[in-house]
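# Notes for the structure review
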Amino acid sequence: MPRRPWVVGVSGASGTPYAASVVRGLLAAGEAVDLIVSRASRLTLLDETGISFRDAHWRADLREWLARGADGKPGTFGVTDADLDLVRYWPAGDLAAGPSSGSYPVKGMLIVPASTACVAGVALGLSKDLLQRVASVTLKERRRLVVAVRETPLNGQTLRHLVTLDEAGAVVVPASPAFYAGATHIQDLVDFVAGRVLDAADVPHRLYRRWEGELGSGSKEGS
């Protein structure tokens, strides 16, 4: 079978653990990943995790990132060479990269987290970097685009941009965790948001406990 990855774009908003959880979920489901890490997101990643993401050493840096828990503890998750073999990395400045063309076969794109600047750029059809270009291609090819916006509060301009994305066919997933799944750790809250992103992409996962209609079940599980 020809390789058909999900493109994961990581913008500069706070929330790099969300991106790591989404990538882990895709790899656990056996999905191939094309990864784009924006220049701004590298600063956020360094600030939130202490990890420097480098083009020339992306495989080692990605392994360290995916292994780190949302609480900052290194080595929380196991990351194998087989996992990393499913990932292809594209520098954000490479506008000639494979996913920049609609003829490059992908299943869709997940932007997580999505900053308001990223939302605006995609809504306006800009292509200032590879992340925005691939998002535009995803929309024009009528592929699945999931935008996990992470900002609060949201002003009118950003809300209008989000409506534009919705009208263009994107799925807007605010990075707002829920508590009915019996969260007992910060990782649970991160995985809930990541799971909802994967839900929007129809990718199977076991990142959170789903609602089954029983009141109090979340608190029972956490007790």
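Placed above this text is the structure.
Residues numbered from 1 in each chain as written. Predicted model: local features only at pLDDT ≥ 70, side-chain atom pairs only at ≥ 80, totals over all residues. Heavy atoms only, no water.

Within this structure, the stated rule accounts for seven aromatic pairs. A centroid spacing of 6.1 Å and a plane angle of 80 degrees characterise the contact between Phe53 and Trp65, whose relative ring orientation is edge-to-face. Remark: Trp65 occurs in helix H3 (residues 58–67) and Phe53 occurs in the loop between helix H2 (39–49) and H3; sequence separation between them is 12 residues. Just as Phe53 is buried, Trp65 falls in that class too. Looking at Arg24, its charged tip hangs above the ring of Phe77, at a distance of 3.8 Å from the centre. (Phe/Tyr/Trp six-rings, centres within 6.5 Å; stacked < 30°, edge-to-face > 60°. Helix = DSSP H or I, 4+ residues; strand = E, 2+ residues; numbered from the N terminus. Buried < 20%, exposed > 50% of the residue type's maximum accessible area, 1.4 Å probe, protein only. Lys NZ or Arg CZ within 6 Å of the ring centre and 35° of its normal.)

On to helix H8 (residues 186–200). For H8, built from 15 residues, the straight-helix expectation of 21 Å at 1.5 Å per residue is met to within 8% by its first-to-last C-alpha distance of 22 Å. Burial within H8 is extensive, with 11 of its 15 residues counted as buried. Regarding H8, the residues found buried are Gln187, Val190, Asp191, Phe192, Val193, Ala194, Gly195, Val197, Leu198, Asp199 and Ala200. Residues of H8 that are buried in the fold lie against helix H1 (16–28), strand E4 (108–114), strand E5 (144–149) and strand E6 (171–172). At the C-terminal side of H8, Asp202 shows a positive phi close to 60 degrees. (Expected span 1.5 Å × (residues − 1). Contact = heavy atoms within 4.5 Å.)

We now examine a nonpolar patch on the surface. A cluster of nonpolar side chains, Tyr180, Trp211 and Leu215, forms an exposed patch at the surface whose accessible area comes to about 360 Å². Residue position: Trp211 is located in the loop between H8 and helix H9 (217–222). By relative accessible area, which is 45% here, Trp211 ends up partly exposed. (Patch = residues over 30% accessible without salt bridge, like charges linked within 9 Å, V, L, I, M, F, W, Y side chains within 5 Å. Areas by Shrake-Rupley, 256 points an atom, 1.4 Å probe, with all protein chains shown as cover. Salt bridge = Lys/Arg side-chain N within 4 Å of Asp/Glu carboxyl O.)

Moving on: the environment of Leu27. With respect to the element layout, Leu27 can be found in helix H1. For the pair Leu27 and Asp83, spaced 56 residues apart in sequence, the C-alpha separation works out to 6.2 Å. Once residues within four sequence positions are removed from consideration, Leu27 is found in contact with Val33, Leu66, Asp83, Leu86 and Val87.

The linkage connecting Val112 with the following residue, Pro113, adopts the cis geometry, with an omega of -10 degrees. Along the polypeptide, Pro113 turns up in strand E4. Here the amide bond leading from Thr152 into Pro153 is cis, since omega sits at -10 degrees, within 30 degrees of zero. Positionally, Pro153 belongs in the loop between E5 and helix H7 (156–167). Positioned with a positive phi, Arg142 is a non-glycine residue whose angle comes to about 60 degrees. If you check the backbone angles, Asp202 has positive phi at about 60 degrees while not being a glycine. Considering the arrangement of structural elements, one finds Asp202 in the loop between H8 and H9.

Okay, the sheet that holds E4 next. Read from one edge of the open sheet, six strands run E3-E2-E1-E4-E5-E6, paired in parallel fashion. Two strands close off the open sheet at either side, each with one partner strand: strand E3 (87–89) and E6. Two elements, strand E1 (residues 6–10) and E4, share four bridges in a ladder whose sense is parallel. When the bridges of E4 are listed, Val8 appears paired with Leu110. Seen against the sheet, H3 touches E1, strand E2 (33–37) and E3 and runs at an angle of roughly 125 degrees to E3. (Pairing = 2+ DSSP bridges. Axes fitted to C-alpha atoms, helices over the stretch in contact; angles between N-to-C directions.)

Turning our eyes to something else, we now look at the pattern of salt bridges. On inspection of all chains with the given rule, the structure shows 11 salt bridges. Here Asp81 ties to Arg63 by a salt bridge, and the two come within 2.3 Å at their closest N and O atoms. Placement of the pair is Asp81 in helix H4 (residues 81–85) and Arg63 in helix H3, with a sequence separation of 18 residues. Note on Asp81: relative accessible area 45%, which makes it partly exposed. Here the salt bridges do not stand alone but share partners, grouping Arg196, Asp199 and Arg210 into one network.

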